[in-house]
Amino acid sequence: MPEPPATGAVRNPDLLAVYCNDHLAAATGLIELVGRMLGRHRGSRFEEPLERLLDELREQRAALRTTMGAMGLPVRRYKLAAVWVAEKLGRGALNGRLLTRSPLSDLLEFEIAVTAVLAMRQGFQTLSALGQVDRRVDADLHARLVEQTGRQHRWLSAARREVAATVFGGRPEAAAAAAGS
């Protein structure tokens, strides 16, 4: 297979900059969310996996920044700030209680994290494919991140099912069977 060109293979670099900045902002918000979840779940069976997840998310965000730098894509700090503020405001989201934390908050946080990790996986898939035609993008790194986010998604999905069963009842295994996972 011929060596991919260094530059010029990317179509719509302005749209790629928007895309990468959106994923970078989402990663920032997810890091904030998982940090909050970790504080909530200290001493529980979720503490260690959440710590590992937080470390991996920070590495993933750094990899995305590195890729953006290699491609000459600007980081839009206003997007990062907006997501950071939105995550802080989201802590006060309606969950059926005004002054205390609701058990529903735990479930919603896991559901948001599941969805965000899946979106990050899609972004890394896109960058891995782009790396096949533009050597400024480390396709192998992004392929590894696809696998990593797949593992994260599986764990978060299982944890979400456990939390849902704790909040509402039911059996997490039945939910896993219904989901086909």
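Preceding block: the structure.
Residues numbered from 1 in each chain as written. Predicted model: local features only at pLDDT ≥ 70, side-chain atom pairs only at ≥ 80, totals over all residues. Heavy atoms only, no water.

### Let's talk about the nonpolar core
It is characteristic of soluble globular proteins that their nonpolar side chains tend to be buried jointly. Leu30, Val34, Leu50, Leu57, Phe110 and Leu156 are the most contacted members of the largest nonpolar core, which has 27 residues in total. Those elements that place two or more of their residues in this core are α1 (13–40), α2 (47–71), α4 (103–131) and α5 (139–168). Counting residues per element, this core draws most heavily on α4, which supplies eight residues. Discounting residues that sit within four places of it in the chain, leucine 30 has contacts with Leu57, Ala113, Ala116, Val117 and Met120. Residues Leu16, Cys20, Leu64 and Val137 belong to the second largest nonpolar core, which totals twelve residues. (Core = buried A, V, L, I, M, F, W, Y, C linked by side-chain atoms within 4.5 Å. Buried < 20%, exposed > 50% of the residue type's maximum accessible area, 1.4 Å probe, protein only. Helix = DSSP H or I, 4+ residues; strand = E, 2+ residues; numbered from the N terminus. Contact = heavy atoms within 4.5 Å.)

### Quick word on the packing of α1 against α4
In contact at an axis separation of 10 Å, α1 and α4 are set at 145° when each is read in the N-to-C sense. Crossing angle aside, the handedness with which α1 passes α4 is left-handed. Looking at the contact of α1 with α4 residue by residue, the class counts come to 16 nonpolar, four polar and four charged. (Axes fitted to C-alpha atoms, helices over the stretch in contact; angles between N-to-C directions. Left-handed = near helix turned anticlockwise from the far one by under 90°. Nonpolar A, V, L, I, M, F, W, Y, C, P; charged D, E, K, R; others polar.)

### A closer look at the pattern of salt bridges
For the coordinates displayed, the defined rule picks out nine salt bridges. In this structure, arginine 52 engages glutamate 48 in a salt bridge whose closest nitrogen and oxygen atoms are separated by 3.6 Å. One end of the pair, arginine 52, and the other, glutamate 48, are both in helix α2, four residues apart, so they sit about a helical turn from each other. On the accessibility criterion, arginine 52 (39% relative accessible area) is partly exposed. With relative accessibility at 56%, the residue glutamate 48 sits in the exposed group. Where salt bridges share partners, they join Arg42, Glu47 and Glu51 into one cluster. (Salt bridge = Lys/Arg side-chain N within 4 Å of Asp/Glu carboxyl O.)

### Looking at the packing of α1 against α2
Relative orientation of the contacting elements α1 and α2 amounts to 160°, with a least axis distance of 9 Å. On the basis of their axis angle, the class for α1 and α2 is roughly antiparallel. Considering the relative orientation of α1 and α2, their crossing is left-handed. Residue composition of the contact of α1 with α2, grouped by class: 16 nonpolar, four polar and five charged. (Parallel < 35°, antiparallel > 145°, perpendicular 65-115°, else oblique.)

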